[in-house]
Amino acid sequence: MTSRGKTLKLTAVSALVVLALTGFSTGRGHGGSSGGDHDGGGGGGCSSSSQNHDSSSGSHRDYDDDDDDYGSSGSGGSEASMPPDAATVTLVDCASEKTPYATVEVDNDDTVDGTFSVTVVFKDAAGEELARSTEEVSVPAGGTTTAEVPVDDEAILPQIDACELDSYAPAV
C-alpha cells in the first residue's frame, strides 16, 4: 500500500474511533418520556441506546435489560440525605413504683440516623388510660437504642398495670 493509502486508512480509522468514543448517534431519540420529564429526542452528541438523560435533574441512568427500577431519578447521593421513615419500637419493661418509666428499644432499619417520637400509654388494671408520655429518641442508622419514657405524674405509679405503645415510631 502507498504512503497516501496508509494515511487515508489511518485517518478513517481515527475518525471511527473518535465517533465511537463520543457515543455519536444518528438522530434517533433514546429513552422514554414519562410525563414529559425526559428529553427523549434529539440526535448527535453523547447518546447511546442504553442511556437515558434526564434533563430535569441533570442525572444519568443506565437501563439494563434486567433492571426493573425505571422510575428513579435524581442525582447521586440523594438517598443518603432522605429522612428516615419510621423506627420499630418494642416494650422491654413497663413502669412501676420502683421504676417510674417504661423501657423501650427503638430499632432504626434505615440507612440514615434519625430521631423518632415514641409514645407510651400507661393503663390501670381495668385497661383505662391513666397517662400518656412521649419521648424523642435518637437512633443511628441500622442501630438500636434503649430509651426510658418517664411517667410524668408519679402519683399514678401504684395504679399502673400495663403499658401500650405503637410498634412504629414516626421520625421527627
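Before any of the text, the structure's been laid out above.
Each value, and the rule that gives it
Every chain begins its residue count from 1, and numbering advances along the sequence as written. Where local features are concerned, this predicted model is filtered to residues with pLDDT of at least 70; where side-chain atom pairs are given and counted, the filter is 80 or more; whole-chain, interface and lining totals use all residues. Side-chain numbers come from the whole structure's heavy atoms, not from hydrogens or water. Comment: elements are numbered from the N terminus, with helices defined as DSSP H or I runs of at least four residues and strands as E runs of at least two. Burial status follows relative accessibility: with a 1.4 Å probe on protein chains alone, a residue under 20% of its type maximum counts as buried, one over 50% as exposed, and anything between as partly exposed. Accessible surface area values rest on a Shrake-Rupley calculation with a 1.4 Å probe, where residue burial reflects the displayed protein chains alone. By definition, a salt bridge exists where a carboxyl oxygen of Asp or Glu is found within 4 Å of a side-chain nitrogen of Lys or Arg. Strands were regarded as paired on the criterion that DSSP finds at least two bridges between them. All axes here are fitted lines through C-alpha atoms, helices being fitted over the stretch that makes contact, and every angle between N-to-C directions spans 0 to 180 degrees. Counting rule for charge: Lys and Arg are taken as positive, Asp and Glu as negative, and neither His nor the chain ends is counted. Contacts described as polar in this section are N or O atom pairs within 3.5 Å, which, within protein, must combine one atom able to donate a hydrogen with one able to accept it, while residues neighboring in sequence count only if both atoms come from side chains. Only heavy atoms matter for contacts: two residues are in contact if any of them lie within 4.5 Å across the pair. We call a pair of cysteine sulfur atoms a disulfide when they lie within 2.5 Å.

Participant: Lay out the overall build of the chain in plain terms, naming residues and giving numbers.
Facilitator: Within the chain one finds one helix and nine strands. Across the chain, helices and strands are ordered from the amino to the carboxyl terminus as α-β-β-β-β-β-β-β-β-β. Across the 172 residues in the chain, those meeting the buried criterion constitute 24%. A total accessible area of about 11100 Å² is found for the chain, and carbon and sulfur atoms account for 50% of it.

Participant: Mind laying out the pattern of salt bridges, listing which residues take part and the relevant values?
Facilitator: Tallied over the entire structure, the rule returns two salt bridges. A salt bridge links lysine 123 to glutamate 164; the nearest nitrogen and oxygen atoms lie 3.1 Å apart. Residue lysine 123 is located in strand 5 (residues 114–123), and its partner glutamate 164 is located in strand 8 (residues 162–165); the two are separated by 41 residues in the primary sequence. One salt bridge connects glutamate 129 with arginine 132, and the closest N-O pair in it is separated by 2.9 Å.

Participant: Give a detailed account of the sheet that holds strand 9 (residues 168–170), specifying residues and quantitative values.
Facilitator: Spatially, the four strands line up as an open sheet ordered 7-4-3-9, and their pairing is antiparallel. Each end of this open sheet is capped by a strand with a single partner; those strands are strand 7 (144–150) and strand 9. On average, adjacent strands in this sheet sit at an angle of 40° to one another, irrespective of strand direction. Bridge analysis of strand 3 (residues 86–93) against strand 4 (residues 101–107) gives five bridges, and the strand direction is antiparallel. What sits directly across from threonine 90, in strand 4, is glutamate 105.

Participant: How would you summarise the side chain of aspartate 124 if you had to cite specific residues and measurements?
Facilitator: Along the polypeptide, aspartate 124 turns up in the loop between strand 5 and strand 6 (129–139). Salt bridges are absent for the buried aspartate 124, whose nearest opposite-charge side chain, lysine 123, sits at 8.2 Å. Here alanine 126 takes part through its backbone nitrogen, which lies 3.0 Å from a polar atom of the side chain of aspartate 124. Residue contacts for aspartate 124: discarding those within four places in its chain leaves Leu130, Gln159 and Asp161.

Participant: Requested: an account of the state of the cysteines, with residues and values cited.
Facilitator: With the rule as written, the count across this model stands at one disulfide. Here cysteine 94 engages in a disulfide with cysteine 163; their sulfurs sit 1.9 Å apart. Note on the cysteine 94 and cysteine 163 pair: the S-S dihedral is about 75°, so by sign convention the disulfide is right-handed. Of this pair, cysteine 94 sits in the loop between strand 3 and strand 4 while cysteine 163 sits in strand 8; the two residues are 69 residues apart in sequence, bridging distant segments of the chain. Given a relative accessible area of 12%, cysteine 163 falls into the buried group.

Participant: I'd like a rundown of the environment of glutamate 154, residues and numbers included.
Facilitator: By the secondary structure assignment, glutamate 154 is in the loop between strand 7 and strand 8. Glutamate 154 sits 53 residues away from tyrosine 101 along the chain, and the two C-alpha atoms are 9.5 Å apart.

On their own, these measurements won't tell you what the molecule is for.
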